[in-house]
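Take a look at the letters that make up each chain.
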Amino acid sequence: MRPPSPKNPEHELISQAMPKALALARTIARRLGVRSQQGIEDCQQTACQALLEALPGHDPARGSFDIYAWKWVTGAVIRLVRRERSYRRTGLDDALDAAEVLSDTDDPFAEDDEERDRAKSYCRWLTFTRFMGDTRAALSKNPEERVLRARAFEALERAVGDIDEDERQVLSLRYWAGLTWEQIGLAMGRSERQAKRIDERLRERLQRGLRLRGVEQSPPSA
Amino acid sequence: MKPDPPHLDEETLPADADDPFIEECLQDALGPYMGVLSPEQVADYRSFLTIFLTTHPAAGPIYQRLRARRVANTASAEVPRGDAADHTPFAGGAGDAHDDAASAPRAADGTSRKRTP
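Calculation rules
Residues numbered from 1 in each chain as written. Chains lettered and ligands numbered in written order. Predicted model: local features only at pLDDT ≥ 70, side-chain atom pairs only at ≥ 80, totals over all residues. Heavy atoms only, no water. Helix = DSSP H or I, 4+ residues; strand = E, 2+ residues; numbered from the N terminus. Buried < 20%, exposed > 50% of the residue type's maximum accessible area, 1.4 Å probe, protein only. Contact = heavy atoms within 4.5 Å. Areas by Shrake-Rupley, 256 points an atom, 1.4 Å probe, with all protein chains shown as cover. Axes fitted to C-alpha atoms, helices over the stretch in contact; angles between N-to-C directions. Parallel < 35°, antiparallel > 145°, perpendicular 65-115°, else oblique. Nonpolar A, V, L, I, M, F, W, Y, C, P; charged D, E, K, R; others polar. 1 Å grid on protein atoms, 1.4 Å probe; cavity = no way out; pocket = protein on both sides within 12 Å on 5 of 7 lines; lining within 4 Å. Points joined across faces, edges and corners; volume = space filled by probe spheres on them. Expected span 1.5 Å × (residues − 1). pLDDT = per-residue confidence, 0-100. Left-handed = near helix turned anticlockwise from the far one by under 90°. Core = buried A, V, L, I, M, F, W, Y, C linked by side-chain atoms within 4.5 Å. Salt bridge = Lys/Arg side-chain N within 4 Å of Asp/Glu carboxyl O.

Undergrad: Looking at this model, I keep getting lost on the overall build of chain A. Mind explaining?
TA: Within chain A, the regular secondary structure consists of ten helices and zero strands. When the helices and strands of chain A are placed in sequence order, the string is α-α-α-α-α-α-α-α-α-α. A total of 222 residues make up chain A; the buried ones form 45% of that total. If you take every contact in chain A between residues at least 6 apart in sequence, the share linking residues at least 24 apart comes to 61%. Accessible area of chain A: about 12,300 Å², with a carbon and sulfur share of 51%.

Right, here's the structure in full:
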């Protein structure tokens, strides 16, 4: 009797992920208004292709395969339903990338308010990255579009509170011009670390946005 | 490949408004950008966030737990339509269960739920 052959880890991953990808594709397709069986099957086929194409790029050190696969399958199905023919990076790609690094830490004992705040925080972050990416795409057509920049800053101030000149520069250079932290530091006459710190402060304010806007107050801790 | 034309408008996502948790997250996240984003963009962002909340491995379980607790806290003998455990995309997903809720009869309070005998 031959000993069982060692299983190929990639095959293992795919065989575990494929049923999930099919279910996810169906859910997304229905949510985006695809009703015909043919349409749903097309989405599922696209999801399978995306999964196979994504597999070689997965680095287990960066996170779970499930989250990585979610990003690729979701992106591929949304594009198919939108019938996007030519690829151009937009805010959707930024949001999908942002979703890839979110932790899937499970805390079944977390309080309701804590869980709500975490989900809201995720949504705020994804919306911010998507908005910044879409603004970058719009500005790439007309970099001098002052009105667009002004309106974007207006919206960002509603999201994170007042934005000072340094913060405006970081937002412009990092998210719209796509410079590295080193380049941003040089452009601002600051160190790379100082530039990063400004960005971190903005992110912290975004996380606290719920309370900043006074939409909801967390109950006092016990 | 010919999927149905996409309908990325508010009307095609009636379930969004039905789930208070999802609606709360959408309002919170999109609020600052209203007036800057076009209606089409708003609908597109909403559908993306809803997909994220219901299917992503980090957010889906939160949605499911909150949904389950809400059901448990609702008046006795009321359970949601569909069984989240039957649908297991990457989040262990309730995506389909949420979709199913869209077609469920509406209760007087605007939620979708099924009464057990």
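Undergrad: In this structure, what is going on with the packing of helix 5 (residues 112-141) of chain A against helix 7 (residues 165-176) of chain A? I would like to understand it.
TA: Packed helix pairs are characterised by how far apart their axes lie and by the angle those axes make with each other. Residues and elements named next belong to chain A. Close contact between helix 5 and helix 7 brings their axes to 9 Å; oriented N to C, the two are set at 75°. With respect to their mutual orientation, helix 5 and helix 7 come out roughly perpendicular. Judged by residue contacts, Trp-125, Phe-128, Met-132, Thr-135, Arg-136 and Leu-139 of helix 5 engage Leu-171, Tyr-175 and Trp-176 from helix 7. Classifying every residue of the contact of helix 5 with helix 7 gives seven nonpolar, one polar and one charged.

Undergrad: What am I meant to see in empty space enclosed by the protein here?
TA: Over the atoms a probe the size of a water molecule is rolled, and this reveals where empty space is left. Residue and element names in this part refer to chain A. Under the defined criterion, the tally for this structure stands at one cavity of 30 Å³ or more. Estimated volume of the largest cavity: approximately 40 Å³. As for the largest cavity, its lining consists of Phe-128, Val-160, Tyr-175, Asp-199, Leu-202, Arg-203 and Leu-206. In terms of residues, the lining of the largest cavity owes the most to one element, helix 9 (residues 192-207), which gives four residues. Residue composition of the lining of the largest cavity, by class: five nonpolar, no polar and two charged.

Undergrad: Just checking my understanding: could you explain helix 2 (residues 37-54) of chain A for this structure?
TA: In an α-helix, one full turn covers 3.6 residues, which means residues spaced three or four apart are oriented alike. Residues and elements named next belong to chain A. The end-to-end C-alpha separation of helix 2 is 25 Å, in line with the 26 Å expected for 18 residues at 1.5 Å each. Restricting attention to buried positions, one finds in helix 2 the residues Gly-39, Ile-40, Asp-42, Cys-43, Gln-44, Thr-46, Ala-47, Cys-48, Ala-50, Leu-51 and Ala-54. Along its buried surface, helix 2 packs onto helix 1 (9-31) and helix 3 (65-82).

Undergrad: Looking at this structure, how should I read the confidence of the model for chain A?
TA: Detail in the predicted coordinates should be disregarded across regions flagged by low pLDDT. Considering every residue of chain A, the mean pLDDT works out to 86; 86% of them sit at 70 or more. Counted against residues more than four places away or in other chains, residues 214-222 of chain A, with its pLDDT under 50, gives ten contacts.

Undergrad: Explanation requested: the packing of helix 1 of chain A against helix 3 of chain A in the structure shown.
TA: All names here are of chain A. Packing of helix 1 against helix 3 leaves a shortest axis separation of 10 Å and a crossing angle of 40°. Judged by the inter-axis angle, helix 1 sits oblique to helix 3. By crossing handedness, the relation of helix 1 to helix 3 is classed as right-handed. The residues of helix 3 that touch helix 1, namely those facing Leu-13, Ala-17, Lys-20, Ala-21, Leu-24, Ala-25, Ile-28 and Ala-29, are Phe-65, Asp-66, Trp-70, Val-73, Thr-74, Val-77 and Ile-78. Per-class residue counts for the contact of helix 1 with helix 3 are twelve nonpolar, one polar and two charged.

Undergrad: When you look at the layout of surface pockets in this model, what are you seeing that I'm missing?
TA: Approximately 570 Å³ is the volume found for the largest pocket. Trp-125, Thr-129, Arg-174, Tyr-175 and Arg-203 of chain A are, among the 22 residues lining the largest pocket, the residues nearest its centre. Of the residues in the lining of the largest pocket, the class split is ten nonpolar, five polar and seven charged. In this structure, the second largest pocket spans a volume of roughly 480 Å³. If you go around the second largest pocket, you meet 20 residues; those closest to its centre are Asp-134, Thr-135 and Ala-138 of chain A together with Gln-41 and Tyr-45 of chain B. Those elements that provide at least two residues to the lining of the second largest pocket are helix 5 and helix 6 (146-160) of chain A together with helix 3 (39-55) of chain B. Counting residues per element, the lining of the second largest pocket draws most heavily on helix 5 of chain A, at seven residues.

Undergrad: Even after reading the chapter, I still don't get the nonpolar core, so can you show me in this structure?
TA: Among soluble globular proteins, nonpolar side chains are generally buried collectively. Counting residues in hydrophobic clusters, the biggest one holds 74 residues, and the most contacted among them are Phe-131 and Leu-156 of chain A together with Phe-52 of chain B. When sequence neighbours within four positions are dropped, the list of residues in contact with Phe-52 of chain B reads Trp-70, Ala-99, Leu-102, Tyr-122, Cys-123 and Leu-126 of chain A together with Ala-59 and Gly-60 of chain B. Val-170, Leu-173, Ile-184 and Ala-195 of chain A belong to the second largest nonpolar core, which has seven residues in total.

Undergrad: Before we go on, may I ask you to explain the pattern of salt bridges in this structure?
TA: Side chains that differ in sign of charge can pair as their charged atoms come close. For the structure shown, the criterion picks out 24 salt bridges over all chains. For Lys-120 of chain A, the salt bridge is made with Glu-24 of chain B, and the minimal N-O distance between the two is 2.5 Å. Here the residue Lys-120 of chain A occupies a position in helix 5, and Glu-24 of chain B occupies one in helix 2 (residues 20-30), the pair thus bridging two chains. By sharing partners, the salt bridges in this structure join Lys-71, Arg-89, Asp-94, Asp-97, Glu-100 and Arg-136 of chain A into a single network.

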